[in-house]
Amino acid sequence: MAVFPWHSRGRNYKAEFASCRLEAVPLEFGDYHPLKPITVTESKTKKVSRKGSTSSTSSSSSSSVVDPLSSVLDGTDPLSMFAATADPAAPDSSRKRRDRDENSIVGSDFEPWASKRGEILARYTTTEKLSINLFMGSEKGKATATSAMSEKVRTRLEELDDFEEGSQKELLNLTQQDYVNRIEELNQSLKDAWASDQKVKALKIVIQCSKLLSDTSVIQFYPSKFVLITDILDTFGKLVYERIFSMCVDNRSVLPDHFSPENVNDTAKETCLNWFFKIASIRELIPRFYVEASILKCNKFLSKTGISECLPRLTCMIRGIGDPLVSVYARAYLCRVGMEVAPHLKESLNKNFFDFLLTFKQIHGDTVQNQLVVQGVELPSYLPLYSPAMDWIFQCISYHAPEALLTEMMERCKKLGNNALLLNSVMSAFRAEFIATRSMDFIGMIKECDESGFPKHLLFRSLGLNLALADPPEGDRLQILNEAWKVITKLKNPQDYVNCAEVWVEYTCKHFTKREVNTVLADVIKHMTPDRAFEDSYPQLQSIIKKVIAHFHDFSVLFSVEKFLPFLDMFQKESVRVEVCKCIMEVFIKHQQEPTKDPVILNALLHVCKTMHDSVNALTLEDEKRMLAYLINGFIKMSVNRLAMETRKVMKGNHSRKTAAFVRACVAYCFITIPSLVGIFTRLNLYLHSGQVALANQCLSQADAFFKAAISLIPEVPKTINIDGKMRPSESFLLEFLCNFFSTLLIVPDHPEHGVLFLVRELLNVIQDYTWEDNSDDKIRIYTCVLHLLSAMSQETYLYHIDKVDSNDSLYGGDTKFLAENNKLCETVMAQILEHLKTLAKDEALKRQSSLGLSFFNSILAHGDLRNNRLNQLSVNLWHLAQRHGCADTRTMVKTLEYIKKRSKHPDMGHLTELALRLPLQTRT
């Protein structure tokens, strides 16, 4: 390609700005308003009845807001027409059924069992030895086909009783982990047996596992055992349900999610009944209850009322379980499956709970007391074993329950002597708003509780957790705090104390001033300092700090809390101390909007930053270093450049002798400090930023030094850089930096001792010598940006300036020699772009050639003077090049041509009319 001369288009920036403004349109104030609700008037037409609708005719005119689609298709939208094809019979029952289905879905606000499972396993552990019976399997006693019902029953009984010698193996002296491993093996054995079509063996495994729930020999482990065994029951219930569901699917139809028993075929129903008959034949109560409860959902295949009939019967079965601990977990499991399959049947769940209340006094009976003596378990260790089951039962019955139910529960607690365990579960289950409004009532009940077995401080902790979520009546707040803290401050055990204090600190911060918070922090220090008790409670103490700084965003207030800094002194373990410092700095950076000059705050935060800095060593991970650097740099917001610009602001741009010297000192400090930074793009951006600050403060020679330093640093940019721990190509970051650099160079005046545009020339030389990626077009994109810069530099008046700095438009005043030098540079850049386009004439690069060609065409259109014949011809050549191989973006080219035609109508753009005629749009063949 031949070298084409460059002629920049003259720009009238003010006129262009004016033409780009939105057109002002006079607004007539009438009835219409874009935010006003749409009102649709329906015409009198025959209305197709919908399922669940109670009206058969439409109103002739309606002033209510109506769906606009309802006026289409003779008053009915497509969805209505589709609904009309369904059975219109019993619309009311259809609505009730739909409402019932919606109510049967448990929302995301219900905490699932899965979220409690891990906590229970972690909390209820034992070091005692455990035992388990493993099912070894037997081929004897397989069911044989027979037509007589008595034979079927006898066969079932024989199968379930088939635990003869060799079919079981008792494993003794197992550790807790061994026990967990064996249970997992049983779970896998169940899946394997089912997969190999050994359904009877699978049932035997489930029965055997269920029997383990009657064993309380290692009573501290019972809650965890319940979790492990019910996992197996859940697996079994899911397998049975999916098996029967699959039998209802054939090549013609698929059973819908909300099916009715009428949709279930006879084979599936017979199989389902067979499972229930097998389970009914189990002789022992506990396995029979658990296994039937696990497949409760399968009742849907048999009867609409099957589940509602089974729940009360299963509830009554639990009455036969004598051990209150075993009984309460059985009730918890029934609530679990009940909430999964029929959460709308609250009456059955409530009946389950009220049955439990009637037997609650058994906990303090002789049988339980004797059992605890035998196992050497104290009552304070025994009663918390009930908490997971009771909390779950209460959560189920309180879910979306009215406030009146809480009142009823409180009355029942009073009748049972304000049992602490029961009261704790009530406060843990019901909505925090309900508890908060009755805070003083609960405090009165807590005072009257018998403290044996379940200490009062746990009740105050539960109350505090509710008050962190909901506010009590304003008039009661101080009395609530005083009553709670009276109990908490008397606790002798540091762990018990800090567990309660952690909760009530948030309540104090939320509703009271720094004086009350200071009192609480002083009390915590008093309790946790003796015998270095704080060393065993770092998590709770960290939680206290987080809650305090979360509520005190004004650090002048925070550091005026007398006991805040002494509280920090308790964090003497380095790793914990650093974490606390990070939390403090994160809040400071996020919420401290105004720069502070308070020496107390600055000194304290400087100490916090020093702690974080000193924690870094050779073993510190890169991510941790980045985080600490971010926090420390965030604190030092009052950087040198900011000081220089603040000084300029104070002096209103007119520096005195002293301020000018101060600004030059700031600039010099930046210049000698930047090379010590590690990140190369950090250095590049700071050089550019510092140069801009120097220009703004009329330090022209210093600005030149910054820009030269940035140019000399570009060759050192590596091909890849580390971004958040990942190595990524650097070219896109370099392209972004250079574009910002070009924008600054527009206003940088030439040095009198150097040639014209010396900084631009130096930058172009560096770009030319830089080693770019083989398949990258970034170099040409940069040259295109340079072309835009040079075009802007050729204007009589530049687009923007810096106050009190004469840019080249003022220095040269449109001098012809300057413009000639500018045009020569443009021609050199154009030659590089065209040469690169020529190298892309290969099959794999044709799409890139088309895209770059169109981009260069648009640059010439925007910045070039197309009245020049040679430049005009170049633009036509680029247009054809973009379409030559069928790789062009046709939509973009169509819009570009429309723009050219529109611009040609302007008085000074008539020459574009001829250009538009020379730009054909080629179709792809």
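Residues numbered from 1 in each chain as written. Predicted model: local features only at pLDDT ≥ 70, side-chain atom pairs only at ≥ 80, totals over all residues. Heavy atoms only, no water.

Here the focus is the overall build of the protein chain. Counting secondary structure elements, the protein chain contains 43 helices and 4 strands. Buried residues in the protein chain amount to 47% of all 925 residues. Partitioning the contacts of the protein chain with sequence separation of at least 6, the portion at a separation of at least 24 is 73%. As displayed, the protein chain offers around 48,800 Å² of accessible surface, 53% of which is attributable to carbon and sulfur atoms. (Helix = DSSP H or I, 4+ residues; strand = E, 2+ residues; numbered from the N terminus. Buried < 20%, exposed > 50% of the residue type's maximum accessible area, 1.4 Å probe, protein only. Contact = heavy atoms within 4.5 Å. Areas by Shrake-Rupley, 256 points an atom, 1.4 Å probe, with all protein chains shown as cover.)

Looking now at the packing of helix α33 (residues 680-696) against helix α34 (residues 700-713). For any two helices packed against each other, the geometry is given by the interaxial angle and the distance between the axes. Between α33 and α34, whose axes approach to 8 Å, the crossing angle comes to 160°. Of the possible angle classes, the one that applies to α33 and α34 is roughly antiparallel. Viewed along their axes, α33 and α34 form a crossing whose handedness is left-handed. Of the residues in α34, those in contact with Ile680, Arg683, Leu684, Tyr687, Leu688, Ser690, Gly691, Gln692, Ala694 and Leu695 of α33 are Leu700, Gln702, Ala703, Phe706, Phe707, Ala709, Ala710 and Leu713. Across the contact of α33 with α34, the residue classes tally to 13 nonpolar, 4 polar and 1 charged. (Axes fitted to C-alpha atoms, helices over the stretch in contact; angles between N-to-C directions. Parallel < 35°, antiparallel > 145°, perpendicular 65-115°, else oblique. Left-handed = near helix turned anticlockwise from the far one by under 90°. Nonpolar A, V, L, I, M, F, W, Y, C, P; charged D, E, K, R; others polar.)

Let us now look at helix α4 (residues 113-123). Regarding α4, the residues found buried are Trp113, Lys116 and Ile120. Along the axis of α4, the buried positions cluster into a sector of 60°, meaning they face one direction only. In α4, the exposed residues that point more than 90 degrees away from the buried face are Ala114, Glu119 and Ala122. On its buried side, α4 packs onto α8 (222-247), α12 (324-341) and α16 (387-398). (Arc of directions from axis to C-beta.)

Turning our eyes to something else, we now look at the environment of Ile711. By the element assignment, Ile711 lies in helix α34. Residue Ile711 is classed as buried on the basis of its relative accessible area, which comes to 2%. Ile711 sits 54 residues away from Asn765 along the chain, and the two C-alpha atoms are 9.6 Å apart. Those residues within four positions of Ile711 in sequence are excluded, and the remaining contacts are Phe741, Leu759, Glu762, Leu763 and Val766.

With that settled, the discussion passes to the packing of aromatic side chains. Within this structure, the stated rule accounts for 33 aromatic pairs. Look at Tyr538 and Phe571: their rings are 6.1 Å apart centre to centre, the planes differ by 25°, and that puts the pair in the stacked class. Of the two residues, Tyr538 sits in helix α25 (residues 538-551) while Phe571 sits in the loop between α27 (564-568) and α28 (574-591), which places them 33 residues apart along the sequence. Measuring from centroid to centroid gives 5.7 Å for Phe707 and Phe741, while their planes differ by 45°, and the two rings are tilted. Residue Phe707 is found in helix α34, and its partner Phe741 is found in helix α35 (residues 731-745); the two are separated by 34 residues along the sequence. Given a relative accessible area of 0%, Phe707 falls into the buried group. Looking at Phe741, the relative accessible area reads 0%, which means it is buried. (Phe/Tyr/Trp six-rings, centres within 6.5 Å; stacked < 30°, edge-to-face > 60°.)

Another point: the side chain of Ser690. Here Ser690 is to be found in helix α33. When its relative accessible area of 2% is taken as the criterion, Ser690 is described as buried. Among the polar contacts listed, one links the side chain of Ser690 to the backbone oxygen of Leu686, at a separation of 2.7 Å. With near-sequence residues (within four places) excluded, Ser690 lies in contact with Asn641, Cys670, Ile674 and Phe706. (Polar contact = N/O pair within 3.5 Å; in protein donor to acceptor, adjacent residues only side chain to side chain.)

Put simply, helix α17 (residues 403-415) and helix α18 (residues 420-429) touch, their axes get as near as 10 Å, and they point 170° apart. As the angle between them shows, α17 and α18 are arranged roughly antiparallel. Contact residues: α17 offers Leu406, Met409 and Cys413, while α18 offers Leu422, Leu423 and Val426. Its residues assigned to classes, the contact of α17 with α18 shows 6 nonpolar, no polar and no charged.

Looking now at the nonpolar core. In terms of nonpolar packing, the biggest core is built from 187 residues, with Tyr382, Trp504 and Leu541 touching the most fellow members. Once residues lying within four places of it in the same chain are set aside, the contact partners of Trp504 are Phe460, Arg461, Leu463, Gly464, Leu467, Ile480, Leu481, Ala484, Trp485 and Ile488. In this structure, Tyr13, Val667, Leu684 and Phe742 belong to the second largest nonpolar core, which totals 93 residues. (Core = buried A, V, L, I, M, F, W, Y, C linked by side-chain atoms within 4.5 Å.)

Moving on, we get to a nonpolar patch on the surface. A grouping of Phe17, Leu799 and Tyr800 is seen on the molecular surface, where their side chains present a nonpolar patch of about 290 Å² in accessible area. Mapped onto the secondary structure, Tyr800 falls in the loop between α37 (778-793) and α38 (808-812). Given a relative accessible area of 33%, Tyr800 falls into the partly exposed group. (Patch = residues over 30% accessible without salt bridge, like charges linked within 9 Å, V, L, I, M, F, W, Y side chains within 5 Å. Salt bridge = Lys/Arg side-chain N within 4 Å of Asp/Glu carboxyl O.)

Next up on the list: unusual backbone geometry. Keep in mind that most residues, glycine aside, have a negative phi and that most peptide bonds are trans. One non-glycine residue, Arg532, lies in positive phi territory at about 50°. As for its position among the elements, Arg532 is in the loop between α24 (514-528) and α25. What makes Arg532 partly exposed here is its relative accessible area of 38%. In the Ramachandran plot, Lys804 falls in the positive-phi region, its phi being about 70° despite a non-glycine side chain. With respect to the helices and strands, the residue Lys804 is situated in the loop between α37 and α38.

Now for the confidence of the model for the protein chain. Do not read the fine detail of predicted coordinates wherever pLDDT is low. The predicted model of the protein chain has a mean per-residue pLDDT of 81, with 83% of residues at 70 or higher. Looking at the elements of the protein chain, mean pLDDT is at its lowest for helix α2 (residues 78-84), recorded as 41, and at its highest for α34, recorded as 94. The low-confidence segment residues 138-149, where pLDDT is below 50, has 12 contacts with residues more than four positions distant or belonging to other chains. (pLDDT = per-residue confidence, 0-100.)

Our focus in this paragraph is the pattern of salt bridges. Pairing between side chains becomes possible if they bear opposite charge and their charged atoms approach one another. As enumerated under the stated definition, the model contains 27 salt bridges in all. The closest approach of N and O atoms between Arg11 and Glu16, which form a salt bridge, is 2.7 Å. What makes Arg11 partly exposed here is its relative accessible area of 22%. For Glu16, a relative accessible area of 24% puts it in the partly exposed group. Notably, a salt bridge pairs Lys199 with Asp197, separated by 2.4 Å at the nearest N-O pair. The exposure class assigned to Asp197 is exposed, which follows from its relative accessible area of 56%. The structure contains a network of salt bridges with shared partners spanning Lys447, Glu483 and Lys486.

When you line up the elements, Ala644 lands in helix α31 (residues 640-650). Setting aside residues up to four positions removed in sequence, Ala644 forms contacts with Val663, Cys666, Val693 and Asn697.

We now examine the state of the cysteines. For the coordinates displayed, the defined rule picks out 0 disulfides. The thiol sulfur of Cys449 is not disulfide-bonded, and the nearest other cysteine sulfur, from Cys413, lies at 8.3 Å. Classification of Cys449 by relative accessible area gives buried; the value is 6%. (Disulfide = S-S within 2.5 Å.)

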